[in-house]
Amino acid sequence: MNKLQGFYELKHVGIPSVPWKIFTGNEILDPNMLCTIRVAVEFGEDINLPRAVGVTAEEAQLKGQQYLKEYRERGLVIYYPYFIALKSGIIEVKEKQVVIEAVRGDLWNLTSKGCRDVTIIYDINPPRSRFFGKPDFLKEHEVQELHRYAARVRVKYKDYIFDRNSIMLEWSYAVNSDIKKRPIGESYLVFYELRMLSS
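Residues numbered from 1 in each chain as written. Predicted model: local features only at pLDDT ≥ 70, side-chain atom pairs only at ≥ 80, totals over all residues. Heavy atoms only, no water.

Looking now at the nonpolar core. Ile91, Leu138, Leu146, Trp171 and Phe191 are the most contacted members of the largest nonpolar core, which totals 43 residues. Elements represented by at least two residues in this core include exactly α1 (3-13), β4 (76-81), β5 (83-93), β6 (97-104), β7 (118-123), α4 (140-156), β9 (166-177) and β10 (183-197). Ignoring anything within four residues of it in the chain, the contact list for Leu146 reads Ile91, Ile100, Leu138, Trp171, Tyr173, Leu189 and Phe191. Counting 16 residues, the second largest nonpolar core, distinct from the first, contains Ile37, Ala57, Ala60 and Tyr67. (Core = buried A, V, L, I, M, F, W, Y, C linked by side-chain atoms within 4.5 Å. Buried < 20%, exposed > 50% of the residue type's maximum accessible area, 1.4 Å probe, protein only. Helix = DSSP H or I, 4+ residues; strand = E, 2+ residues; numbered from the N terminus. Contact = heavy atoms within 4.5 Å.)

Let's shift gears to the sheet that holds strand β8 (residues 128-133). With antiparallel pairing, six strands are arranged side by side in an open sheet as β8-β7-β6-β5-β9-β10. Sheet topology places β8 and β10 at the edges, where each strand pairs with a single neighbour. Averaged over all neighbouring strand pairs, the angle between strand axes comes to 15°, with direction disregarded. Both β5 and β9 contribute to a ladder of ten bridges, which runs antiparallel. Note that in β9 the partner of Ser88 across the bridge is Ser172. Packing of α1 onto the sheet brings it into contact with β9 and β10, and relative to β10 it is tilted by some 110°. (Pairing = 2+ DSSP bridges. Axes fitted to C-alpha atoms, helices over the stretch in contact; angles between N-to-C directions.)

Turning to the confidence of the model for the protein chain, a few remarks are in order. With 100% of its residues at a pLDDT of 70 or more, the protein chain shows a mean pLDDT of 93. Averaged over each element, pLDDT in the protein chain is lowest for α1 (86) and highest for β7 (98). (pLDDT = per-residue confidence, 0-100.)

Structure representation (structure tokens):
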């Protein structure tokens with residue numbers, strides 16, 4: 001399952017996800033907002049596809065047109081409002097466990113730099129939680145919210161998970177951004193990846 005398929009699945013499961021739209025080249029993007037625009041393919045591998053993150057509406061228009069020319073036959077161009085990640089992480093939903101890992105800032109700090117502020121391992125039966133790192137890094141309501149969506153995924157993909165596979169979710173607590181990349185508004189939870197991992 002690639003990123004675009006994951007976006008569709010997040011929407012289908014009812015999990016708060018990136019409000020992406022398909023870029024056709026006819027859009028008038030809001031000049032007061034920054035944008036992320038990227039190439040996505042409906043099937044197959046999507047590693048290292050072009051993207052522009054946190055660019056102005058004008059640059060997004062130019063990049064979008066360029067991506068359309070190059071990838072129109074092979075995929076889609078999608079865009080969504082740029083957001084600033086305050087805390088990010090992954091959730092892995094397994095048959096007998098849910099593992100939550102979290103890091104300050106962008107998920108890149110966890111996946112590429114290997115930084116981690118907290119790992120929470122929740123055993124399903126008997127129920128037990130173990131914390132490694134900073135136990136108060138995630139607020140109690142944030143942990144509960146992440147568990148709630150993990151439970152939703154567990155129900156939706158129970159046959160896949162109980163075949164000793166797992167589902168990986170990527171998430172951030174984020175805020176919107178103004179044109180100068182300054183945070184505005186209240187923080188919210190957003191998911192932007194759902195992938196099936198086989199054992």
